[in-house]
Amino acid sequence: MKETYDHMMNGVIMHSDMVDFYDFLHLKGFRKWQEHNVEEEFCHVTELQHHFIKRHHMMIPPYEEHFTSGVIPTSWYDHSAIEVTKDDIVREVKRSLHEYLDWERKTQIFLKEKTKELIELDAFAEYMDLRELEENVACEIHYLENLIIELESVGYDSVYIQRLQERFCIEFKE
């Protein structure tokens with residue numbers, strides 16, 4: 001469960017980095033989407049800790065890893081948002097969405113491995129917790145794949161990306 005907890009905390013950090021990156025690129029809707037994901041992921045982490053405490057009367061040890069998501073290219077730290085071009089936005093949206101999809105697919109594989117381990121340990125309650133997380137990840141992958149298909153169909157058109165911001169602001173309204 002500690003490995004799962006740490007992986008999930010890394011997911012929170014990754015989404016938090018995406019919030020900052022989309023904010024830097026002035027993509028307000030995508031920023032709101034990732035803020036929503038940060039809250040949702042953190043809620044899952046705290047729920048996992050809560051269930052562990054209630055079932056075992058213990059806490060999962062604190063998150064100690066130093067994780068760098070890599071979502072924000074290090075070169076951007078030396079630049080101003082004023083320097084961002086239309087081509088940069090198109091390239092970075094495509095890159096970041098594919099990195100996000102890759103993370104979620106790795107997370108799905110990770111959770112499948114952990115659920116197998118839990119079954120072997122007869123830890124059925126924890127198994128059910130991770131199965132629920134696995135289902136959430138599958139939904140997230142499906143959502144992301146559809147978004148990528150949508151953007152691929154328009155060649156990641158910068159005007160289309162800007163219009164998506166309005167849709168995402170509505171969809172992920174606070």
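Worth saying up front: this structure is predicted, and the values here are computed from it rather than measured.

Trainee: Help me get a handle on the packing of helix α1 (residues 2–24) against helix α2 (residues 28–56), residues and values and all.
Mentor: Relative orientation of the contacting elements α1 and α2 amounts to 165°, with a least axis distance of 8 Å. Between α1 and α2, the crossing angle belongs to the class labelled roughly antiparallel. The element α1 and its partner α2 pack so that their crossing is left-handed. Residue-level contacts link T4, Y5, M8, M9, V12, H15, S16, M18, V19, Y22 and D23 of α1 to F30, R31, Q34, E35, N37, V38, E41, F42, H44, V45, L48 and Q49 of α2. Classifying every residue of the contact of α1 with α2 gives 12 nonpolar, seven polar and four charged.

Trainee: A description of the packing of helix α3 (residues 86–120) against helix α5 (residues 158–171) should follow, citing residues and the corresponding values.
Mentor: Between α3 and α5, the shortest axis-to-axis distance is 10 Å and the interhelical angle comes to 70°. Regarding the angle of α3 to α5, the classification is roughly perpendicular. Note that α3 runs across α5; the crossing there is left-handed. Counted together, K86, I89, V90 and V93 of α3 and S158, I161 and Q162 of α5 form the full contact between these two elements.

The rules behind each value
- Residues numbered from 1 in each chain as written.
- Predicted model: local features only at pLDDT ≥ 70, side-chain atom pairs only at ≥ 80, totals over all residues.
- Heavy atoms only, no water.
- Axes fitted to C-alpha atoms, helices over the stretch in contact; angles between N-to-C directions.
- Helix = DSSP H or I, 4+ residues; strand = E, 2+ residues; numbered from the N terminus.
- Parallel < 35°, antiparallel > 145°, perpendicular 65-115°, else oblique.
- Left-handed = near helix turned anticlockwise from the far one by under 90°.
- Contact = heavy atoms within 4.5 Å.
- Nonpolar A, V, L, I, M, F, W, Y, C, P; charged D, E, K, R; others polar.

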